[in-house]
Every structure is written in C-alpha cells, then in structure tokens.
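Each chain, written out:
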Amino acid sequence: MNNRPRNTVRGIGDREREVLGRAGGDTLGEIDRRMSTGPHAVVKNVATGLLLSERAVAGPRQRLLSTRSEGPRESASFADLLKRHRGRSGLTQQQLADFATLSVRAIRDLESGRVRRPRRESVGLLADALRLRDAERQQLHAAGGSPAHLRDALLGLPASSAPPALPEPPAPPGTLVGREAELQVLLDQVTVYGHRLVSVVGISGIGKTHLVLEAARVLRARGWRVGWHASAGGTRCCGAHPAAGPDPGGPSPSTADPTADLVAAIGERHDLVVIDSGDASGPGGVDVGELLRRCPGLHVVVTGLTPRYLPGERVLPLTAMAVPEEAADHDHVRLAEVESVALFLSHMRRSQPGFRLREDNAHAVVRLCRWLDGVPRALEYAAGWCLVYPPELLLARAGRDFSLLSSPAGCGCQDLLSSVARSVDIVAQSCRSVLAEVADRPHWTVGDLDHLVPDPAAALHALLVHGLVRPAGAHLPERFTALQLVRLLHLRDRTPAAARAC
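Let me begin by describing the structure that accompanies this report. Since we're looking at a predicted model, the values are computed, not measured.

On a plain count of helices and strands, the protein chain comes out with 24 helices and seven strands. In the protein chain, which comprises 502 residues, the share counted as buried stands at 45%. At a minimum sequence separation of 6, the contacts of the protein chain that also span at least 24 residues come to 70%. When the accessible surface of the protein chain is split by element, carbon and sulfur atoms take 53% of a total near 25800 Å².

Okay, here's the thing in structure tokens:
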C-alpha cells in the first residue's frame with residue numbers, strides 16, 4: 001500500500017497541533033502566514049475534520065465551549081452563539097435573514113459583534129428561525145442582554161430570587177364585534193407612533209376592557225411581552241376568564257407604595273402593561289406617571305372613566321356603537337351589519353341559537369338597539385332578558401322596569417344606571433349642570449349651552465370624552481344628544497322609590 005497519503009495527513013495534523021500550541025491571540029492572517037496555507041491546504045484541513053481557522057481564531061475561550069465534558073463553561077458572546085447555531089442549522093446569512101424577517105446587514109452586524117445588545121424582539125425572531133430549544137433560547141437571550149429572570153434561569157438561581165412577574169392578560173370574553181376601527185387605532189398608538197401611555201376612557205359597560213384584551217392578544221401574537229394588572233376596586237369585564245395563577249389581578253401590595261410593587265413585578269420582563277379600571281384610588285391605586293418614570297422602556301394602556309391628564313398621554317374615547325336609522329322597511333342583510341345590531345344578534349344566539357332577523361321582529365330589534373344607544377353591556381343584558389321577554393315586550397317594559405338594566409344572570413356587576421351615575425359624578429359640576437338641563441331634550445347644539453356655562457365648547461368636549469353624550473346622527477349635523485341611560489338616570493332620581501317598586 002502506498003503510504004504517501006497517510007504520511008501527508010499525518011504531517012498536516014502535526015503542523016496544525018504545532019501552530020495551535022502557539023496561536024494564543026494570533027490573527028488568522030498570522031496563522032495563515034505561518035502555515036502558508038493555500039486553497040488546497042484549507043480543503044485538506046477540512047477533510048481531516050480539524051477546522052484550523054475556526055479553532056485558531058476562537059482561541060481558548062471557544063475551546064472551553066466546544067464539548068460538554070470539559071466542566072464549567074465561560075459565557076459565550078451573542079455573536080459566537082449566533083454563528084454557532086446558524087452553522088449547525090446549515091443556513092446562510094441571507095437565509096437566516098429571510099426566515100427571521102431581518103436584513104442581511106443586521107445578521108452581519110450581530111455575528112461580527114458590532115451590535116452587542118440586540119433588541120429582544122430581534123433575538124426572539126432569530127430563535128424562532130433557528131428552531132432553538134428552550135434552554136438554547138434562554139442562553140441566546142441572556143447573551144444578548146436579556147431580562148433578569150432569563151439570566152437567573154440560565155445560571156440556575158432559585159426562582160424566589162426574582163420578584164413574581166405580572167400575569168398574562170385574561171382571555172377576551174368572546175369575539176370583538178364592531179370595534180375594528182378602535183382596535184386598529186389603539187394598536188397604532190402603541191406600535192406605530194410609540195406612545196407610552198394610552199388611556200381608553202368611557203362609561204362602564206362601553207367595552208373598554210374587551211377592547212384592550214383584544215389588543216393585548218394581538219400584541220402578544222406579534223411577540224410583545226404584555227402584563228396585566230387590575231386595580232383594586234376596579235370593575236372587571238363580565239365574562240373575562242382570569243389568567244392562570246393564584247392572583248390573576250397582579251401582585252398584592254406588600255408595601256405602602258403599590259406603584260413600587262408594580263415596578264418590581266414589571267422589571268425588564270414586560271414591553272407593555274395593561275392597567276384595567278385605572279380610576280381606582282387609595283390602597284391598590286397605581287401612580288401611572290411614576291410608573292412610566294421608573295420604567296423608561298415601558299408602554300402602558302390604562303382603562304378608566306376619565307383621562308389621567310399626564311404629559312404625553314393619548315386618549316381614546318370609547319363611545320356608543322353605531323345604531324340603525326329609523327325606517328319603515330329594513331334590508332335584513334344590511335341591518336345585521338350595523339355594529340349594535342350585529343353585537344345584539346351575537347348575544348341572542350348564545351342563548352337562542354335559532355334566533356334570526358325576520359320581518360316581524362326587525363322593527364323591534366332596531367328600536368331596542370337605538371333605545372339602548374348601542375352600549376355593549378346594555379345590549380348584552382337585553383339579549384339575556386329576551387330569553388324571558390321577546391324584543392317587542394322587552395322594549396315595552398324597559399322604560400318602566402329598571403331591573404332590566406342589570407344582568408339577568410346576577411353576575412355581581414353593578415347595574416348600568418349605577419355605573420352611569422359614577423361617570424356623572426366624576427365630571428365637573430358645570431358639566432353635571434349641563435346634563436341636567438339637556439337630558440330631556442331630544443337633541444341640541446353647542447350654542448344652546450351658552451347660558452349654562454362660560455365655555456360651552458369645553459363642557460361639551462368633556463361630556464363627549466366621558467361618553468355621556470354623543471352626536472345625534474348624520475341626519476342632524478352639529479347636534480348632540482344625551483345617552484338614553486343618562487335620561488333614565490335622571491328619571492329614576494326624580495321618581496319616588498314607591499313608584500319604582502310597583
């Protein structure tokens with residue numbers, strides 16, 4: 001047998017061992033000059049499986065990470081880990097960029113070490129594209145400057161060393177109907193414009209919680225880390241399923257400063273926190289301004305009856321849903337597409353799956369949705385009561401039977417009139433005077449308020465933001481009307497208790 005090939009391979013191996021023993025901090029160019037490696041030599045080196053260039057450049061630190069039997073390891077840099085995982089997966093930089101929806105330049109910068117602390121969202125995309133296991137994913141996040149709880153898990157620290165995280169948002173109570181435009185506005189405020197504080201305001205039962213839960217679901221699907229905090233004393237959305245865990249509303253205040261408890265729970269673990277019923281004050285109330293100051297990278301979406309009036313706040317007033325116009329004849333297909341009617345029908349079919357709009361009930365459904373001003377919770381309660389009273393009879397009784405404005409299931413939520421009373425109480429005295437004056441009028445203009453308040457436009461704006469009045473409709477431009485619930489509240493307050501009990 002010819003021994004020449006065998007001697008050649010043995011000579012290559014001896015030469016590499018000699019160079020590696022002296023490589024230390026030598027550069028690849030210096031090693032190449034010492035070895036005088038040409039293209040053919042590189043191929044022969046690869047054939048021996050020694051991969052001289054990689055091992056020489058990486059140096060002793062890389063060799064400490066090369067096998068699992070070498071005992072304690074040093075932490076690899078993000079660039080080293082990324083190159084190793086990409087090489088193992090067999091992807092080129094272009095292919096990894098395509099799978100992770102990043103640019104090739106971003107991949108090059110990360111692998112060269114020019115970017116030492118990549119965005120957490122980018123690391124998550126890379127981990128998904130590389131199909132990393134949980135431990136590898138945590139290691140990659142840690143190397144990129146990940147949140148403290150991931151570093152603790154990587155180093156094997158006990159879970160008690162880190163404060164408990166906020167729970168994830170509860171599941172939405174069903175499909176969001178008729179709020180597509182508002183949902184897109186809320187998402188754009190956070191993701192496109194980058195506003196750190198968005199307040200979703202309106203009367204209780206208008207659908208604030210359902211809207212922010214749907215927004216949280218969408219953002220989590222996009223890779224955002226979203227936490228949930230329900231303020232003490234706040235009203236939870238009917239039907240919302242609590243998150244898993246012993247305390248779905250968030251960490252219990254353990255100090256005299258509930259904001260400090262929330263800051264500790266947020267840490268670096270959340271990109272966005274939803275604070276539901278953020279009007280709560282006293283024990284359990286959160287100072288949103290202080291929260292934003294102490295968590296510089298955090299976004300907050302808060303629901304409440306009124307804005308927070310903080311610098312940089314963006315307010316999304318949630319008003320009543322669109323209602324159908326009065327008409328002698330209705331196109332049933334087009335009628336079912338009106339927001340309030342679509343929501344009413346979705347609730348009706350939960351208890352009466354066979355319910356359909358027909359010629360004999362369409363007029364009553366239209367009047368009922370208009371009478372309830374398209375308020376989502378009022379429509380939900382009305383659909384529940386329709387199991388007892390058909391829409392025509394329910395409409396006839398609603399004006400005098402105030403119990404129909406509460407849940408037929410006795411769910412513990414406050415009745416709608418009490419909820420509206422809280423919204424009325426929270427506005428300025430001048431606005432309450434305006435409401436008392438115009439509640440019984442079918443519609444009015446801002447000019448009709450001149451004799452009531454010094455600045456009628458400002459008073460009207462406040463009432464619109466709080467959701468207590470609304471535009472009268474496209475057929476009555478520049479005219480406004482109070483919600484039917486506001487009228488009923490004033491009627492109930494003027495009606496003796498004995499008469500209401502009859």
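With that settled, the discussion passes to unusual backbone geometry. Within the chain, Arg 131 stands out as a residue other than glycine whose phi angle is a positive 55°. Mapped onto the elements, Arg 131 comes out in the loop between α8 (120–130) and α9 (134–143). Judged by its relative accessible area of 74%, Arg 131 falls in the exposed class. A positive phi angle is found at Asp 373, which is not glycine, with a value near 60°. When you line up the elements, Asp 373 lands in the loop between α17 (362–371) and α18 (376–385). Classification of Asp 373 as buried rests on a relative accessible area of 3%.

One side chain can pair with another of opposite charge once the charged atoms of both are near each other. One pass over the full model with this rule turns up 17 salt bridges. The closest approach of N and O atoms between Arg 86 and Glu 111, which form a salt bridge, is 2.5 Å. Linking Arg 86 in helix α5 (residues 78–89) with Glu 111 in helix α7 (residues 104–112), this pair joins segments that are 25 residues apart in sequence. For the pair Arg 86 and Glu 111, a shared accessibility class is recorded, and that class is buried.

Here we come to the packing of helix α6 (residues 93–100) against α8. Running from N to C, α6 and α8 point in directions that differ by 110°, and their axes come no closer than 8 Å. Between α6 and α8, the crossing angle belongs to the class labelled roughly perpendicular. Remark: the crossing between α6 and α8 carries right-handed chirality. Contacts between α6 and α8 pair Leu 96, Phe 99 and Ala 100 from the former with Leu 125, Leu 126, Ala 129 and Leu 130 from the latter.

Any two packed helices are characterised by how steeply their axes cross, that is the angle between the axes, and by the distance between the axes. Direction vectors running N to C along α6 and α7 enclose 115°, while the axes themselves pass 8 Å from each other. Taken together, the axes of α6 and α7 lie roughly perpendicular to each other. Relative to α7, the crossing made by α6 is right-handed. Judged by residue contacts, Gln 93, Gln 94, Leu 96 and Ala 97 of α6 engage Val 104, Ile 107, Arg 108 and Glu 111 from α7.

Moving on, we come to the environment of Trp 228. By secondary structure assignment, the location of Trp 228 is in strand β2 (residues 226–230). Residue classification places Trp 228 among the buried positions, given a relative accessible area of 0%. Distance in space between the C-alpha atoms of Trp 228 and Val 273 is 5.7 Å, their sequence separation being 45 residues.

What follows covers the sheet that holds strand β5 (residues 314–317). Taken in spatial order, the five strands make up an open sheet running β2-β3-β4-β1-β5, and their pairing is parallel. The open sheet is flanked by β2 and β5, the only strands paired with a single partner. Going across the sheet, the axis of each strand differs from the next one's by a mean of 15°, ignoring polarity. Summarising the sheet, strand β3 (residues 272–276) and strand β4 (residues 299–304) pair through four bridges and their orientation is parallel. Counterpart to Leu 272 in the pairing with β4 is His 299.

Let's shift gears to the pairing of β2. Within β2, five of the five residues are buried, leaving the element largely enclosed by the surrounding structure. Side-chain alternation along β2 places Val 226, Trp 228 and Ala 230 on one buried face and Gly 227 and His 229 on a second face that is also buried. Bridging between β2 and β3 involves five bridges; their strand directions are parallel. Residue pairing across strands places Gly 227 opposite Val 273, the latter belonging to β3.

This brings us to the environment of Val 301. Relative to the elements of secondary structure, Val 301 occurs in strand β4. You can call Val 301 buried: its relative accessible area is 4%. As a C-alpha pair, Val 301 and Val 315 span 14 residues in sequence and 10.0 Å in three-dimensional space. Here Val 301 is in contact with Leu 186, Val 190, Val 198, Val 200, Val 212, Leu 272, Val 273, Val 274 and Ile 275, once residues within four sequence places are set aside.

Turning our eyes to something else, we now look at the nonpolar core. The nonpolar side chains of a soluble globular protein tend to be buried with one another. Leu 186, Val 301, Phe 344 and Leu 468 are the most contacted members of the largest nonpolar core, which totals 83 residues. In terms of residue count, helix α12 (residues 208–221) provides more of this core than any other element does, seven residues in total. Excluding its chain neighbours within four sequence positions, the residues that come into contact with Leu 468 are Ile 203, Val 420, Ser 423, Val 424, Val 427, Leu 435, Leu 463, Ala 482, Leu 483 and Val 486. Core analysis: the next-biggest nonpolar cluster, separate from the first, contains 18 residues, Phe 78, Leu 82, Ile 107 and Ala 127 among them.

The next thing to look at is the pairing of strand β1 (residues 197–201). The element β1 is extensively covered by neighbouring structure, given that five of its five residues are classed as buried. The alternating pattern of β1 places Leu 197, Ser 199 and Val 201 and Val 198 and Val 200 on opposite faces, both of which are buried. Here five bridges tie β1 to β4, and the two strands are oriented parallel to one another. Its bridge partner lying in β4, Ser 199 is registered against Val 302. The sheet contact formed by β1 and β5 spans four bridges and is parallel. Across the sheet, Ser 199 pairs through a bridge with Val 315, a residue of β5.

Moving on: the side chain of Arg 86. For Arg 86, a relative accessible area of 16% gives the class buried. What Arg 86 contacts, discounting residues up to four positions off in sequence, is Leu 91, Thr 92, Gln 93, Leu 96, Glu 111 and Leu 130.

Looking at α6, one finds that the buried residues are Leu 96, Ala 97 and Ala 100. The arc that holds every buried residue of α6, seen down its axis, measures 100°, which confines them to one face. Elements that come into contact with the buried residues of α6 comprise α5, α7 and α8.

About the cut-offs
Residues numbered from 1 in each chain as written. Predicted model: local features only at pLDDT ≥ 70, side-chain atom pairs only at ≥ 80, totals over all residues. Heavy atoms only, no water. Helix = DSSP H or I, 4+ residues; strand = E, 2+ residues; numbered from the N terminus. Buried < 20%, exposed > 50% of the residue type's maximum accessible area, 1.4 Å probe, protein only. Contact = heavy atoms within 4.5 Å. Areas by Shrake-Rupley, 256 points an atom, 1.4 Å probe, with all protein chains shown as cover. Salt bridge = Lys/Arg side-chain N within 4 Å of Asp/Glu carboxyl O. Axes fitted to C-alpha atoms, helices over the stretch in contact; angles between N-to-C directions. Parallel < 35°, antiparallel > 145°, perpendicular 65-115°, else oblique. Left-handed = near helix turned anticlockwise from the far one by under 90°. Pairing = 2+ DSSP bridges. Core = buried A, V, L, I, M, F, W, Y, C linked by side-chain atoms within 4.5 Å. Arc of directions from axis to C-beta.

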